[in-house]
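Letter by letter, the chains look like this.
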Amino acid sequence: MNLQTTLIVFLCFCATTVLRAERVDMLKAGAKANGKTLNTKLINSTIDRLNRGGGGTLFFPAGTYLTGSIHLKSNITLELEAGATLLFSDNFDDYLPFVEVRHEGVMMKSFQPLIYAVDAENITIKGEGTLDGQGKKWWMEFFRVMIDLKDNGMRDVNKYQSMWDAANDTTAIYAETNKDYVNTLQRRFFRPPFIQPVRCKKVKIEGVKIINSPFWTVNPEFCDNVTIKGITIDNAPSPNTDGVNPESCRNVHISDCHISVGDDCITIKSGRDAQARRLGVPCENITITNCTMLSGHGGVVIGSEMSGSVRKVTISNCVFDGTDRGIRIKSTRGRGGVVEDIRVSNVVMSNIKQEAVVLNLKYSKMPVEPKSERTPIFRNVHISGMTVTNVKTPIKIVGLEEAPISDIVLRDIHIQEGKQKCIFENCERITMDDVIVNGEVIKSTTNTTD
(Lines give C-alpha, C1' and ligand atoms only; values in the text may rest on other atoms or scores of the structure.)
Protein backbone atom coordinates (compact mmCIF):
# COMPACT_ATOMS: atom_id res chain seq x y z
CA MET A 1 0.00 0.00 0.00
CA ASN A 2 1.56 3.29 -1.09
CA LEU A 3 1.65 6.44 1.01
CA GLN A 4 -1.27 8.10 -0.80
CA THR A 5 -3.54 5.09 -0.32
CA THR A 6 -2.54 4.84 3.34
CA LEU A 7 -3.41 8.50 3.85
CA ILE A 8 -6.83 8.08 2.20
CA VAL A 9 -7.62 5.06 4.37
CA PHE A 10 -6.56 6.96 7.47
CA LEU A 11 -8.75 9.97 6.60
CA CYS A 12 -11.73 7.73 5.92
CA PHE A 13 -11.20 6.05 9.28
CA CYS A 14 -11.11 9.44 11.01
CA ALA A 15 -14.27 10.56 9.25
CA THR A 16 -16.02 7.35 10.24
CA THR A 17 -14.92 7.82 13.83
CA VAL A 18 -16.33 11.34 13.94
CA LEU A 19 -19.61 10.23 12.41
CA ARG A 20 -19.97 7.53 15.06
CA ALA A 21 -20.07 10.07 17.91
CA GLU A 22 -23.62 9.62 19.16
CA ARG A 23 -26.10 12.44 19.70
CA VAL A 24 -28.85 11.33 22.06
CA ASP A 25 -32.22 13.07 22.05
CA MET A 26 -33.02 12.81 25.75
CA LEU A 27 -36.78 12.98 25.22
CA LYS A 28 -36.63 9.99 22.87
CA ALA A 29 -34.30 8.26 25.34
CA GLY A 30 -37.02 8.42 27.99
CA ALA A 31 -36.36 11.65 29.89
CA LYS A 32 -39.43 13.34 31.33
CA ALA A 33 -39.73 17.05 30.52
CA ASN A 34 -42.51 17.79 33.00
CA GLY A 35 -40.34 19.48 35.65
CA LYS A 36 -41.46 16.93 38.26
CA THR A 37 -39.89 13.57 37.41
CA LEU A 38 -36.26 13.19 38.49
CA ASN A 39 -34.05 12.36 35.49
CA THR A 40 -30.70 12.05 37.29
CA LYS A 41 -30.15 8.30 36.78
CA LEU A 42 -31.00 8.43 33.08
CA ILE A 43 -28.78 11.45 32.44
CA ASN A 44 -25.76 10.01 34.25
CA SER A 45 -26.18 6.51 32.81
CA THR A 46 -26.34 8.04 29.32
CA ILE A 47 -23.13 9.98 30.04
CA ASP A 48 -21.44 6.78 31.23
CA ARG A 49 -22.51 4.85 28.13
CA LEU A 50 -21.39 7.57 25.71
CA ASN A 51 -18.12 7.96 27.55
CA ARG A 52 -17.41 4.24 27.23
CA GLY A 53 -18.05 4.53 23.48
CA GLY A 54 -15.65 7.43 23.05
CA GLY A 55 -18.02 10.34 23.69
CA GLY A 56 -21.14 12.01 22.44
CA THR A 57 -23.86 14.62 23.04
CA LEU A 58 -26.89 14.66 25.30
CA PHE A 59 -29.41 16.88 23.51
CA PHE A 60 -32.29 18.32 25.52
CA PRO A 61 -35.24 19.55 23.40
CA ALA A 62 -37.59 22.22 24.75
CA GLY A 63 -39.09 21.28 28.10
CA THR A 64 -38.17 21.24 31.79
CA TYR A 65 -35.99 18.39 33.02
CA LEU A 66 -35.68 17.92 36.78
CA THR A 67 -32.34 16.46 37.86
CA GLY A 68 -29.88 16.08 40.70
CA SER A 69 -26.12 16.21 40.32
CA ILE A 70 -24.84 15.57 36.78
CA HIS A 71 -21.37 14.01 36.48
CA LEU A 72 -19.70 14.88 33.18
CA LYS A 73 -16.96 12.68 31.75
CA SER A 74 -14.48 13.00 28.89
CA ASN A 75 -15.76 13.85 25.42
CA ILE A 76 -19.28 14.61 26.61
CA THR A 77 -21.43 17.56 25.55
CA LEU A 78 -24.63 18.79 27.18
CA GLU A 79 -26.65 20.71 24.58
CA LEU A 80 -29.81 22.61 25.49
CA GLU A 81 -32.25 23.72 22.81
CA ALA A 82 -33.95 27.10 23.18
CA GLY A 83 -36.84 26.50 25.55
CA ALA A 84 -35.07 23.68 27.37
CA THR A 85 -34.40 24.00 31.12
CA LEU A 86 -32.32 21.75 33.31
CA LEU A 87 -34.08 22.29 36.64
CA PHE A 88 -31.87 21.16 39.49
CA SER A 89 -33.51 19.58 42.50
CA ASP A 90 -33.63 21.54 45.76
CA ASN A 91 -33.66 18.30 47.77
CA PHE A 92 -30.21 18.35 49.38
CA ASP A 93 -30.11 14.53 49.47
CA ASP A 94 -29.89 14.52 45.67
CA TYR A 95 -26.29 15.82 46.04
CA LEU A 96 -25.06 12.99 48.28
CA PRO A 97 -22.74 11.25 48.93
CA PHE A 98 -20.12 13.91 49.61
CA VAL A 99 -17.31 14.21 47.05
CA GLU A 100 -14.01 16.06 46.76
CA VAL A 101 -14.66 19.75 46.12
CA ARG A 102 -13.03 23.08 46.75
CA HIS A 103 -15.17 25.47 48.77
CA GLU A 104 -14.03 29.08 49.05
CA GLY A 105 -10.46 27.99 48.41
CA VAL A 106 -10.43 25.02 50.82
CA MET A 107 -10.23 21.40 49.63
CA MET A 108 -12.77 19.26 51.46
CA LYS A 109 -15.52 16.70 50.99
CA SER A 110 -18.99 18.14 50.70
CA PHE A 111 -22.13 18.18 48.54
CA GLN A 112 -21.75 17.21 44.89
CA PRO A 113 -21.77 20.24 42.59
CA LEU A 114 -24.84 20.50 40.40
CA ILE A 115 -22.63 19.76 37.39
CA TYR A 116 -19.39 18.01 38.35
CA ALA A 117 -16.42 16.54 36.53
CA VAL A 118 -13.09 15.16 37.75
CA ASP A 119 -9.99 14.45 35.64
CA ALA A 120 -12.00 14.74 32.44
CA GLU A 121 -11.06 16.16 29.04
CA ASN A 122 -13.06 17.81 26.28
CA ILE A 123 -16.31 18.56 28.12
CA THR A 124 -18.86 21.07 26.86
CA ILE A 125 -22.08 22.72 28.04
CA LYS A 126 -23.74 24.72 25.27
CA GLY A 127 -26.95 25.93 23.69
CA GLU A 128 -29.68 28.51 24.10
CA GLY A 129 -31.42 26.84 27.03
CA THR A 130 -31.37 27.51 30.78
CA LEU A 131 -29.75 25.92 33.80
CA ASP A 132 -31.81 26.68 36.92
CA GLY A 133 -30.16 25.88 40.25
CA GLN A 134 -33.26 26.53 42.40
CA GLY A 135 -30.96 28.07 44.98
CA LYS A 136 -33.52 29.56 47.37
CA LYS A 137 -33.68 26.60 49.78
CA TRP A 138 -29.89 26.47 49.87
CA TRP A 139 -29.72 30.21 50.64
CA MET A 140 -32.32 29.95 53.39
CA GLU A 141 -30.59 27.00 55.05
CA PHE A 142 -27.29 28.90 54.88
CA PHE A 143 -28.86 31.84 56.73
CA ARG A 144 -30.50 29.51 59.27
CA VAL A 145 -27.19 27.79 60.04
CA MET A 146 -25.26 31.06 60.21
CA ILE A 147 -27.75 32.71 62.60
CA ASP A 148 -27.97 29.65 64.83
CA LEU A 149 -24.17 29.46 65.09
CA LYS A 150 -24.05 33.11 66.11
CA ASP A 151 -26.81 32.73 68.69
CA ASN A 152 -26.08 29.28 70.11
CA GLY A 153 -22.54 28.27 69.17
CA MET A 154 -21.62 25.06 67.35
CA ARG A 155 -24.37 22.48 67.33
CA ASP A 156 -26.15 20.36 64.73
CA VAL A 157 -29.17 22.02 63.17
CA ASN A 158 -29.26 19.62 60.21
CA LYS A 159 -27.97 16.12 59.48
CA TYR A 160 -25.41 17.36 56.96
CA GLN A 161 -23.21 18.99 59.60
CA SER A 162 -22.35 15.73 61.36
CA MET A 163 -21.89 14.14 57.93
CA TRP A 164 -19.33 16.83 57.10
CA ASP A 165 -17.48 16.18 60.36
CA ALA A 166 -17.32 12.47 59.59
CA ALA A 167 -16.20 12.93 55.97
CA ASN A 168 -13.33 15.36 56.63
CA ASP A 169 -10.09 15.56 58.59
CA THR A 170 -11.32 18.64 60.41
CA THR A 171 -8.17 18.96 62.52
CA ALA A 172 -6.03 19.29 59.39
CA ILE A 173 -8.42 21.74 57.73
CA TYR A 174 -8.50 24.01 60.78
CA ALA A 175 -4.70 23.79 61.16
CA GLU A 176 -4.12 25.09 57.63
CA THR A 177 -6.71 27.88 57.77
CA ASN A 178 -6.32 31.38 59.20
CA LYS A 179 -8.50 32.44 62.08
CA ASP A 180 -10.52 34.82 59.85
CA TYR A 181 -12.17 31.71 58.31
CA VAL A 182 -12.84 29.75 61.50
CA ASN A 183 -16.39 31.03 61.83
CA THR A 184 -17.17 29.82 58.31
CA LEU A 185 -15.73 26.36 58.99
CA GLN A 186 -17.81 26.08 62.13
CA ARG A 187 -21.00 26.24 60.06
CA ARG A 188 -20.17 22.78 58.63
CA PHE A 189 -22.76 23.31 55.92
CA PHE A 190 -21.26 24.20 52.54
CA ARG A 191 -23.54 24.83 49.60
CA PRO A 192 -22.43 23.28 46.31
CA PRO A 193 -21.17 25.34 43.38
CA PHE A 194 -23.28 25.10 40.24
CA ILE A 195 -20.58 23.97 37.78
CA GLN A 196 -17.26 22.72 39.17
CA PRO A 197 -14.89 20.75 36.93
CA VAL A 198 -11.81 19.62 38.88
CA ARG A 199 -8.47 18.89 37.16
CA CYS A 200 -10.08 18.93 33.72
CA LYS A 201 -8.73 19.95 30.31
CA LYS A 202 -10.55 21.59 27.40
CA VAL A 203 -13.63 22.81 29.22
CA LYS A 204 -16.13 24.84 27.20
CA ILE A 205 -19.32 26.61 28.37
CA GLU A 206 -21.13 28.56 25.66
CA GLY A 207 -24.42 30.34 25.11
CA VAL A 208 -26.50 29.03 28.00
CA LYS A 209 -28.30 31.06 30.64
CA ILE A 210 -27.61 30.12 34.26
CA ILE A 211 -29.88 31.26 37.09
CA ASN A 212 -30.41 30.77 40.84
CA SER A 213 -27.11 29.17 41.73
CA PRO A 214 -26.91 27.77 45.28
CA PHE A 215 -23.36 29.15 45.62
CA TRP A 216 -20.57 30.10 43.15
CA THR A 217 -21.84 29.59 39.62
CA VAL A 218 -19.04 28.62 37.19
CA ASN A 219 -16.08 27.46 39.27
CA PRO A 220 -13.39 25.47 37.42
CA GLU A 221 -10.65 24.16 39.72
CA PHE A 222 -7.11 23.16 38.65
CA CYS A 223 -8.25 23.14 35.01
CA ASP A 224 -6.31 23.89 31.81
CA ASN A 225 -7.78 25.47 28.67
CA VAL A 226 -11.17 26.78 29.77
CA THR A 227 -13.44 28.77 27.44
CA ILE A 228 -16.52 30.55 28.78
CA LYS A 229 -18.25 32.47 26.01
CA GLY A 230 -21.57 34.21 25.50
CA ILE A 231 -23.27 32.99 28.66
CA THR A 232 -25.73 34.89 30.83
CA ILE A 233 -25.64 34.50 34.61
CA ASP A 234 -28.57 35.97 36.52
CA ASN A 235 -28.71 35.18 40.22
CA ALA A 236 -31.27 36.96 42.39
CA PRO A 237 -29.92 38.93 45.38
CA SER A 238 -28.43 36.03 47.31
CA PRO A 239 -25.38 35.10 49.41
CA ASN A 240 -22.07 34.25 47.70
CA THR A 241 -23.56 33.57 44.26
CA ASP A 242 -20.50 34.73 42.32
CA GLY A 243 -20.62 34.48 38.54
CA VAL A 244 -17.40 33.03 37.08
CA ASN A 245 -14.64 31.95 39.49
CA PRO A 246 -11.65 30.22 37.87
CA GLU A 247 -9.42 28.98 40.68
CA SER A 248 -5.90 27.60 40.24
CA CYS A 249 -6.58 27.33 36.50
CA ARG A 250 -4.44 28.24 33.52
CA ASN A 251 -5.28 29.37 30.00
CA VAL A 252 -8.78 30.64 30.73
CA HIS A 253 -10.77 32.70 28.20
CA ILE A 254 -13.92 34.54 29.37
CA SER A 255 -15.70 36.63 26.76
CA ASP A 256 -19.03 38.11 25.67
CA CYS A 257 -20.77 37.31 28.95
CA HIS A 258 -23.57 39.17 30.76
CA ILE A 259 -23.48 38.78 34.53
CA SER A 260 -25.72 39.99 37.37
CA VAL A 261 -25.23 38.15 40.66
CA GLY A 262 -25.36 38.27 44.46
CA ASP A 263 -21.60 38.56 44.93
CA ASP A 264 -18.62 39.16 42.60
CA CYS A 265 -19.30 38.94 38.86
CA ILE A 266 -15.93 37.47 37.84
CA THR A 267 -13.32 36.49 40.44
CA ILE A 268 -9.89 34.99 39.91
CA LYS A 269 -8.60 32.85 42.78
CA SER A 270 -5.97 30.27 43.71
CA GLY A 271 -6.94 28.87 47.11
CA ARG A 272 -6.81 29.86 50.73
CA ASP A 273 -3.97 30.03 53.26
CA ALA A 274 -1.47 27.24 54.09
CA GLN A 275 -3.32 24.50 52.20
CA ALA A 276 -3.20 26.45 48.94
CA ARG A 277 0.43 27.45 49.47
CA ARG A 278 1.26 23.78 49.95
CA LEU A 279 -0.59 22.82 46.76
CA GLY A 280 1.14 25.70 44.96
CA VAL A 281 -1.10 25.96 41.88
CA PRO A 282 -1.48 29.54 40.59
CA CYS A 283 -4.23 31.00 38.45
CA GLU A 284 -2.50 32.29 35.32
CA ASN A 285 -2.90 33.21 31.67
CA ILE A 286 -6.42 34.59 32.06
CA THR A 287 -8.23 36.79 29.52
CA ILE A 288 -11.52 38.58 30.22
CA THR A 289 -13.05 40.65 27.43
CA ASN A 290 -16.30 42.09 26.04
CA CYS A 291 -18.37 41.43 29.16
CA THR A 292 -21.10 43.44 30.88
CA MET A 293 -21.58 43.31 34.65
CA LEU A 294 -24.56 44.72 36.51
CA SER A 295 -25.45 43.74 40.08
CA GLY A 296 -22.50 42.36 42.02
CA HIS A 297 -20.05 43.15 44.81
CA GLY A 298 -17.29 43.58 42.23
CA GLY A 299 -17.01 43.69 38.45
CA VAL A 300 -13.73 41.81 38.11
CA VAL A 301 -12.05 40.75 41.36
CA ILE A 302 -8.80 38.98 42.22
CA GLY A 303 -8.76 37.30 45.65
CA SER A 304 -9.15 37.25 48.46
CA GLU A 305 -8.26 33.55 48.14
CA MET A 306 -5.02 33.96 46.19
CA SER A 307 -2.52 31.99 48.27
CA GLY A 308 -1.35 30.00 45.24
CA SER A 309 -0.69 33.31 43.40
CA VAL A 310 -2.39 34.98 40.42
CA ARG A 311 -0.44 36.23 37.43
CA LYS A 312 -0.69 37.20 33.78
CA VAL A 313 -4.25 38.48 33.60
CA THR A 314 -5.76 40.83 31.01
CA ILE A 315 -9.15 42.52 31.39
CA SER A 316 -10.42 44.58 28.45
CA ASN A 317 -13.46 46.10 26.77
CA CYS A 318 -15.87 45.62 29.68
CA VAL A 319 -18.76 47.63 31.09
CA PHE A 320 -19.69 47.74 34.79
CA ASP A 321 -22.98 49.43 35.65
CA GLY A 322 -24.19 49.32 39.25
CA THR A 323 -21.65 46.97 40.82
CA ASP A 324 -20.42 47.76 44.34
CA ARG A 325 -16.85 47.98 43.04
CA GLY A 326 -15.20 47.91 39.64
CA ILE A 327 -11.70 46.43 39.56
CA ARG A 328 -10.90 44.93 42.97
CA ILE A 329 -7.76 43.10 44.12
CA LYS A 330 -7.94 41.98 47.74
CA SER A 331 -6.07 39.89 50.26
CA THR A 332 -4.96 39.92 53.89
CA ARG A 333 -2.14 38.95 56.20
CA GLY A 334 -1.76 35.18 56.45
CA ARG A 335 -2.74 34.39 52.85
CA GLY A 336 0.69 34.59 51.25
CA GLY A 337 0.92 34.40 47.46
CA VAL A 338 1.67 37.02 44.82
CA VAL A 339 -0.66 38.93 42.48
CA GLU A 340 1.36 40.30 39.57
CA ASP A 341 1.37 41.14 35.88
CA ILE A 342 -2.21 42.36 35.65
CA ARG A 343 -3.34 44.61 32.80
CA VAL A 344 -6.73 46.35 32.59
CA SER A 345 -7.75 48.47 29.57
CA ASN A 346 -10.79 50.04 27.93
CA VAL A 347 -13.30 49.78 30.76
CA VAL A 348 -16.38 51.93 31.31
CA MET A 349 -18.01 52.13 34.75
CA SER A 350 -21.03 53.94 36.11
CA ASN A 351 -23.00 54.01 39.36
CA ILE A 352 -20.30 52.28 41.40
CA LYS A 353 -21.33 52.15 45.06
CA GLN A 354 -17.85 51.94 46.62
CA GLU A 355 -14.50 52.06 44.76
CA ALA A 356 -13.89 52.12 41.02
CA VAL A 357 -10.37 50.72 41.52
CA VAL A 358 -9.29 49.15 44.81
CA LEU A 359 -6.16 47.21 45.76
CA ASN A 360 -6.44 46.25 49.42
CA LEU A 361 -4.10 44.06 51.50
CA LYS A 362 -6.09 44.65 54.70
CA TYR A 363 -9.26 42.94 53.52
CA SER A 364 -10.04 41.06 56.75
CA LYS A 365 -8.01 43.15 59.21
CA MET A 366 -5.73 40.35 60.38
CA PRO A 367 -3.25 41.34 63.13
CA VAL A 368 0.25 42.57 62.28
CA GLU A 369 2.87 39.84 61.90
CA PRO A 370 6.47 39.71 60.62
CA LYS A 371 6.97 39.42 56.88
CA SER A 372 7.10 35.76 55.81
CA GLU A 373 5.61 33.33 53.29
CA ARG A 374 2.26 34.28 54.88
CA THR A 375 2.63 37.85 53.60
CA PRO A 376 0.68 38.57 50.38
CA ILE A 377 2.30 40.67 47.66
CA PHE A 378 0.66 42.90 45.01
CA ARG A 379 2.85 44.30 42.23
CA ASN A 380 3.00 45.17 38.54
CA VAL A 381 -0.57 46.23 37.82
CA HIS A 382 -1.30 48.45 34.80
CA ILE A 383 -4.73 50.10 34.37
CA SER A 384 -5.47 52.36 31.40
CA GLY A 385 -8.28 53.70 29.28
CA MET A 386 -10.91 53.83 32.01
CA THR A 387 -13.96 56.08 32.21
CA VAL A 388 -16.00 56.27 35.42
CA THR A 389 -19.15 58.22 36.24
CA ASN A 390 -20.75 58.37 39.71
CA VAL A 391 -18.59 56.56 42.25
CA LYS A 392 -18.09 56.85 46.00
CA THR A 393 -14.28 56.42 46.19
CA PRO A 394 -12.46 56.77 42.84
CA ILE A 395 -9.19 54.96 43.65
CA LYS A 396 -8.06 53.16 46.82
CA ILE A 397 -4.66 51.49 47.21
CA VAL A 398 -3.91 50.15 50.70
CA GLY A 399 -0.84 47.97 51.26
CA LEU A 400 0.76 46.55 54.36
CA GLU A 401 3.39 48.33 56.40
CA GLU A 402 5.69 45.32 55.90
CA ALA A 403 4.68 44.80 52.24
CA PRO A 404 3.74 47.99 50.37
CA ILE A 405 1.86 47.58 47.11
CA SER A 406 4.34 48.48 44.39
CA ASP A 407 4.81 49.30 40.72
CA ILE A 408 1.30 50.33 39.78
CA VAL A 409 0.62 52.31 36.59
CA LEU A 410 -2.63 54.26 36.20
CA ARG A 411 -2.97 55.98 32.84
CA ASP A 412 -5.77 57.71 30.89
CA ILE A 413 -8.32 57.41 33.67
CA HIS A 414 -11.13 59.95 33.79
CA ILE A 415 -13.53 59.92 36.75
CA GLN A 416 -16.54 62.17 37.18
CA GLU A 417 -18.91 62.52 40.12
CA GLY A 418 -16.46 61.02 42.58
CA LYS A 419 -17.88 61.62 46.05
CA GLN A 420 -14.74 61.08 48.14
CA LYS A 421 -11.00 61.56 47.77
CA CYS A 422 -8.60 58.90 46.50
CA ILE A 423 -6.80 56.86 49.18
CA PHE A 424 -3.14 55.82 49.00
CA GLU A 425 -1.59 54.01 51.99
CA ASN A 426 1.54 51.88 52.21
CA CYS A 427 2.27 51.88 48.51
CA GLU A 428 5.29 52.81 46.41
CA ARG A 429 6.17 53.55 42.82
CA ILE A 430 2.65 54.51 41.82
CA THR A 431 2.79 56.12 38.38
CA MET A 432 -0.18 58.21 37.25
CA ASP A 433 -0.46 59.76 33.82
CA ASP A 434 -3.58 61.63 32.73
CA VAL A 435 -5.53 60.54 35.80
CA ILE A 436 -8.30 63.10 36.30
CA VAL A 437 -10.84 62.98 39.13
CA ASN A 438 -13.61 65.58 39.14
CA GLY A 439 -11.54 67.75 36.83
CA GLU A 440 -8.39 67.60 39.01
CA VAL A 441 -5.19 65.94 37.82
CA ILE A 442 -3.93 63.33 40.32
CA LYS A 443 -0.14 63.25 40.46
CA SER A 444 2.19 60.28 40.80
CA THR A 445 3.60 59.19 44.12
CA THR A 446 6.80 57.31 44.86
CA ASN A 447 6.03 56.34 48.45
CA THR A 448 2.87 56.85 50.47
CA THR A 449 2.34 55.50 53.98
CA ASP A 450 -0.15 55.94 56.76
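Remember, predicted model here, so these are calculated numbers, not experimental data.

Parameters at a glance
Sequence order as written defines the numbering, with residues in each chain counted from 1. Given that the model is predicted, a residue must reach a pLDDT of at least 70 before its local features are reported, and side-chain atom pairs must reach 80 or more before they are shown or counted; all residues, however, enter totals for whole chains, interfaces and linings. Excluded from the side-chain calculation are hydrogens and water; included are all heavy atoms of the structure. Patch membership requires over 30% relative accessible area and the absence of a salt bridge. Like charges are linked within 9 Å, and nonpolar side chains (Val, Leu, Ile, Met, Phe, Trp, Tyr) within 5 Å. Computed by Shrake-Rupley with a 1.4 Å probe, the accessible areas treat only the displayed protein chains as cover when residues are assessed. When a carboxyl oxygen of Asp or Glu is within 4 Å of a side-chain nitrogen of Lys or Arg, the pair counts as a salt bridge. Put simply, DSSP marks the helices as runs of H or I at least four residues long and the strands as runs of E at least two long, and each gets a number from the N terminus on. Reported domain spans reflect what an automatic or database domain assignment gives. What makes two residues a contact is simply this: any of their non-hydrogen atoms within 4.5 Å. Here the quantity called buried area is the total loss of accessible area, with a 1.4 Å probe, experienced by two parts when brought into contact, counted for both. For the purposes of this section, nonpolar cores are sets of buried Ala, Val, Leu, Ile, Met, Phe, Trp, Tyr and Cys residues that join through side-chain atoms within 4.5 Å. Under the scheme applied here, a residue whose accessible area is under 20% of the maximum for its type counts as buried, over 50% as exposed, and between as partly exposed, the area being computed with a 1.4 Å probe on protein chains only. Any pair of nitrogen or oxygen atoms within 3.5 Å is treated as a polar contact; in protein, a donor-acceptor pairing is required on top of that, and neighbouring residues in sequence qualify only through side-chain atoms on both sides. Cysteine sulfur atoms that pair up within 2.5 Å are treated as a disulfide.

Taken together, the side chains of Met 140, Phe 143 and Ile 147 present a nonpolar region at the surface, about 280 Å² in accessible area. Note that Ile 147 resides in helix 3 (residues 136-152).

Assigned domains of the chain: these are domain 1 (22-196) and domain 2 (242-449). The partner domain 2 presents 20 residues to the 11 residues of domain 1 that form the contact. Carbon and sulfur atoms supply 41% of the area that domain 1 and domain 2 bury against each other, a total of about 1,200 Å² over both sides. Linking domain 1 with domain 2 are three salt bridges. Ionic pairing is found between Arg 278 and Glu 176, a salt bridge with its closest N-O pair at 2.8 Å.

Another aspect to go through is the nonpolar core. Side chains that are nonpolar tend, in soluble globular proteins, to be buried together. Among the nonpolar cores identified, the biggest contains 118 residues, and Phe 60, Leu 72, Leu 131, Ile 288 and Met 386 are the most heavily contacted of them. Examining the composition of this core, we find that 10 residues originate from one element, strand 26 (residues 338-360), more than from any other. The residue makeup of this core includes at least three contributed by each of domain 1 (22-196) and domain 2 (242-449). In this structure Leu 72 touches Ile 47, Leu 78, Ile 115, Tyr 116, Ala 117, Ile 123 and Ile 125, once residues within four positions along its chain are discounted.

Moving on: the side chain of Asn 426. Positionally, Asn 426 belongs in the loop between strand 29 (423-425) and strand 30 (427-437). Of the residues examined, Asn 426 reaches a relative accessible area of 4% and is grouped as buried. Engagement of the side chain of Asn 426 in a polar contact is seen with the backbone oxygen of Gly 399, the distance being 3.4 Å.

One pass over the structure, following the stated rule, counts zero disulfides. You can see Cys 265 has no disulfide; the closest cysteine sulfur is in Cys 291, sitting 9.7 Å from it. Relative accessible area serves as the criterion here: at 0%, Cys 265 is assigned to the buried category. Free of any disulfide, Cys 283 has its nearest cysteine sulfur in Cys 249, 5.4 Å distant.

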